[in-house]
Every structure is written in C-alpha cells, then in structure tokens.
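Analysis of the macromolecular model
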Amino acid sequence: MKKVCFVIPKAYYLFNPNTKGAKDKVGGAQKQAYLLSISLAEDKNFDVHFLVADFNQEKIEQIKNVTIWKSFNFSNNIFKRVLNLLSVLKKINAEYYIFRSADVGVAFAMFYVKNVLKKKVIYMIASDIETSKTEQKKHSSFATVKSMQYVYNKSDILTAQTKQQSLNLLKNRNRLPDAIIKNIYLNISDNDVNFNKKNTILWVGRITKNKKPELFIELAEKYPNEEFIMIAPVVLEHKNYGNKIQNDVKNIKNITLLNYVNPNEINEFYKNAKIYVLSSEFEGFSNTMAEAMIQECPILSYNVNPDNILEDYKCGLCANKNSNLFFKQFDNLLNNDELRKTLGQNGRNYIKNEHGKNKIINTFKSLFDKI
C-alpha cells in the first residue's frame, strides 16, 4: 500500500462545508487536490492523507476514506506556523507528499520533506503564471519567485495541467514536466439541462485584479435588459479591491451579486446560464469554466483558452485580450441561440471525454510507479 499525503492547508472547507472562516480560502488548486484525494482513496492500494490548516476541527479526522490532519493556524506567527507544519509532516510519515500552487511555504516544506524526512515529492502546477519568471514576478513576491525555482527543479515528479503549460515551462524555466495531469471532474452523468430555461449571464470567481471583473460589469451596463449574476466573494488578500468592486456592482440594477454559494448548489446557476463569462487575464485550467461546460453553458473568454480547446473543440469563444472583440463575441452569442446550444453541447462532451474521473485518476496513479 502506498502512503500519500496532500499538503494543501486551505482545502479543509471542501471536506467540511460547515466550517466557519474557511470558504474564502478555497480556489481551483484546493478543489483539484480535494477531488484527486477522494478519488485516489477509493483504491485500497493507497493510504491517503491530507494536511490542512487549523479551522477548529479535530486533530485527526476520517472523511471520504481520507485521513485529515490539522496543522497550523493562519493567525499564528510565522515561526509557530512553520514548527507546527514540520511537526505534522513528520507525524504523517507518508512515502509521497503532494503540493500544489506557488508559495514560499511550499518550497520550505518541500525542502524539509526531501532532505530531512527523505521522502518523495510531487508538485502540481496550478496556474499559467508559474511557467514564467516574468509573469510570476508581476503577481507574486520576489521570495516566491526565487524559492519556487527550487520546487520546479527538485520535485521528484512535476506535473502540468495542459500541454501549453508544459511547453512554456520548458521554454522559460528549462524543466519539462514529467506528466500532464488534466483537471478531474466527478459525476459527469447524462445531463438534464433544459436549454430553454437558460436565461442568465454568469460570472464566478474570487474578486482579484487578474480576473478583471470590470469587464463583466461593463457588459451588464451595455445590456441593461439582460440578467447578470455575479458569484464573487471578497478575499482577505485583496479586501480593498474586492469591496470596491462589490460597491460598484450594487449600483447596477441588472446584476445580482452573491458573496457565496454552497458548492452543492452552484450547478443550478450554471444550468440556468446561457453564457458563462471568463474575464480573467490568466488561469490554470479554470474549474469554473469546466463546471459551466458540464452544464452545457458556452464560454466567452477574455484570454483563457487552455490548449486552444475553445476553438479546437468548438465549445466557446476567446478574444485573446482584445476588448473590442470580446464585446462583439458576446453580442454574437447573445443573439444566436443555435450557436450557444452547439457550443454548450460540445463543451460538455469535451469535459466528459477528456476530464472524466477514471481517465484522470488512472493517469495520476501511474505517477507513483515512476518515482
């Protein structure tokens, strides 16, 4: 039996949605690690553990066959957090430790795991900006940029989400990832989507500058007779910006602003959306985009188009950072029912064929035989 530990401190909310103070810390990296862990834990050949932060839960819990370990509290000082993290990593004593998303703490923990505990490390790239020092410098601290180079170079296994990420990492950082692990999505069964009930325009994401929510707001102002829904929580790291965006939205009558939607209920919003707007400058493989595609919702993207799937699989439109084209594409989608229906159906078929549970988890399992 292989003993595996995911080290994703902010992911606890996904295991226990009733947790207070944790939901605003969850993004795509956390969700993908969670889905991989519970899928891997279904195989009796794997003993799956998950290190998370302290959200006032029990020290050790068993949820969906995964052993959850409580570590540091985000309110502690940095020294206490580090000591607590290292202590729990040692107690878990896994053979393989899995990290995802760039951070100085990831590099420090990985160094400890490899050089002190003498264990193996898998690092999973979570965003396109990780593939370029230049881009990472724009959005991360100098310390993160420098320390993550160690992670990319020294991981026993390095994975990318897309071919594009893999090639860019080789070009910009001189390291070719060992595997491409596409994002995993569960329960993609026969759909009950009713195209005739799709009547909203949807945006989902934590409010950060790179997600460019202003573009969505501008769309709503240009089309006052359309119903726009924005599921947009403010995050602590970008509180002032988030509050400003929310205040702007409150003055626009045709936007419904929601701070939070339970993960178990969000599919209804995708089902009712006739267009999903992805206004981000960059992402990894966007979870919200895929969730929309599963519910046959066509994608309008400002710039995100992993491996050119929107064109190659005909499941959406991408403006490639051209604002004028972005607004023209929106108008085209809005006024062409048949186009929206075709793109939506194609999108669902793409996710089902390329990102289904069995296909992805089998590829993921094969990594452990390569180390």
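Refer to the preceding data block for the structure.
Now for a description of the structure that goes with this document. (Residues numbered from 1 in each chain as written. Predicted model: local features only at pLDDT ≥ 70, side-chain atom pairs only at ≥ 80, totals over all residues. Heavy atoms only, no water.)

**Let's talk about the packing of helix α11 (residues 287-294) against helix α14 (residues 337-354)**
Direction vectors running N to C along α11 and α14 enclose 115°, while the axes themselves pass 7 Å from each other. Relative to α14, the element α11 lies roughly perpendicular. For the crossing formed where α11 meets α14, the hand is left-handed. Facing A290, M293 and I294 of α11, the residues of α14 in contact are G344, G347, R348, Y350 and I351. Residues belonging to the contact of α11 with α14 are distributed by class as follows: 5 nonpolar, 2 polar and 1 charged. (Axes fitted to C-alpha atoms, helices over the stretch in contact; angles between N-to-C directions. Helix = DSSP H or I, 4+ residues; strand = E, 2+ residues; numbered from the N terminus. Parallel < 35°, antiparallel > 145°, perpendicular 65-115°, else oblique. Left-handed = near helix turned anticlockwise from the far one by under 90°. Contact = heavy atoms within 4.5 Å. Nonpolar A, V, L, I, M, F, W, Y, C, P; charged D, E, K, R; others polar.)

**What to know about the packing of aromatic side chains**
Counting across every chain of the model gives 21 aromatic pairs. Each ring, one from Y313 and one from Y350, has its centre 4.5 Å from the other, and the planes form 55°; the classification is tilted. One end of the pair, Y313, is in the loop between α12 (309-312) and β14 (316-318); the other, Y350, is in helix α14, and 37 residues separate them in sequence. An aromatic cluster of three or more residues is present, and its members are F6, F15, Y34, F46, F50, Y96, F364 and F368. In this structure, K341 packs its charged tip against the face of F195, placed 5.7 Å from the ring centre. (Phe/Tyr/Trp six-rings, centres within 6.5 Å; stacked < 30°, edge-to-face > 60°. Lys NZ or Arg CZ within 6 Å of the ring centre and 35° of its normal.)

**Remarks on the sheet that holds strand β10 (residues 227-231)**
The sheet built from 6 strands is open, its strands ordered β11-β10-β9-β12-β13-β14 with parallel pairing. Looking at the sheet topology across the chains shown, the edges are occupied by β11 (255-258) and β14. Between one strand axis and the next, the sheet turns through 20° on average, direction left out of account. The sheet contact formed by strand β13 (residues 299-301) and β14 spans 3 bridges and is parallel. Residue pairing across strands places L300 opposite L317, the latter belonging to β14. (Pairing = 2+ DSSP bridges.)

**Looking at unusual backbone geometry**
A positive phi angle, near 90°, is found at S101, a position not held by glycine. With respect to the element layout, S101 can be found in the loop between β5 (96-100) and α4 (104-115). Taking the relative accessible area as the measure of exposure, S101 reaches 23% and is therefore partly exposed. Positioned with a positive phi, N308 is a non-glycine residue whose angle comes to about 60°. Here N308 is to be found in the loop between β13 and α12. The exposure class assigned to N308 is partly exposed, which follows from its relative accessible area of 32%. (Buried < 20%, exposed > 50% of the residue type's maximum accessible area, 1.4 Å probe, protein only.)

**Re the side chain of R340**
By secondary structure assignment, the location of R340 is in helix α14. Of note is the side chain of R340, whose polar atom sits 2.9 Å from the side chain of D337. For R340, the residues in contact, after removing those within four places along its chain, are F195, K274, I275, P298, L333, L334 and N335. (Polar contact = N/O pair within 3.5 Å; in protein donor to acceptor, adjacent residues only side chain to side chain.)

**Quick word on the sheet that holds strand β1 (residues 2-7)**
Think of a sheet as strands paired side by side through backbone hydrogen bonds, with each pair either parallel or antiparallel. Strand order in the open sheet formed by 8 strands is β3-β4-β2-β1-β5-β6-β7-β8, with mixed pairing between adjacent strands. Across the chains shown, the open sheet's two edge strands, defined by having one partner strand only, are β3 (60-63) and β8 (179-180). In the sheet, β5 pairs with strand β6 (residues 120-124) via 5 bridges, with the strands oriented parallel. Within β6, the residue paired with F99 across the bridge is Y123.

**Thoughts on the pattern of salt bridges**
Pairs may arise between side chains of opposite charge once their charged atoms sit close together. On inspection of all chains with the given rule, the structure shows 16 salt bridges. With its nearest N and O atoms 2.4 Å apart, the salt bridge here joins E291 to K31. Here E291 is found in helix α11, whereas its partner K31 is found in helix α2 (residues 28-40), with 260 residues between them in sequence. For E291, a relative accessible area of 10% corresponds to the buried category. The salt bridge involving E268 is made with K271; its shortest N-O contact spans 3.6 Å. One end of the pair, E268, and the other, K271, are both in helix α10 (residues 267-271), 3 residues apart, so they sit about a helical turn from each other. (Salt bridge = Lys/Arg side-chain N within 4 Å of Asp/Glu carboxyl O.)

**Regarding empty space enclosed by the protein**
Overall, the coordinates contain 1 cavity of 30 Å³ or more when judged by the stated rule. Roughly 40 Å³ of internal volume is contained in the largest cavity. Together, W203, V204, K211, Y276, V277, L278, S279, S280, E283 and T288 line the largest cavity. Contributions of two or more residues to the lining of the largest cavity are made by β9 (200-204) and β12 (273-278). Here the element with the most residues in the lining of the largest cavity is β12; it accounts for 3 residues. Along the lines of polarity and charge, the residues of the lining of the largest cavity split into 5 nonpolar, 3 polar and 2 charged. (1 Å grid on protein atoms, 1.4 Å probe; cavity = no way out; pocket = protein on both sides within 12 Å on 5 of 7 lines; lining within 4 Å. Points joined across faces, edges and corners; volume = space filled by probe spheres on them.)

**Some points on α2**
For α2, with 13 residues, the first-to-last C-alpha span of 18 Å sits near the 18 Å given by 1.5 Å per residue. With 11 of 13 residues buried, α2 lies mostly within the body of the structure. Those residues of α2 lying buried are A29, Q30, Q32, A33, Y34, L35, L36, S37, I38, S39 and L40. (Expected span 1.5 Å × (residues − 1).)

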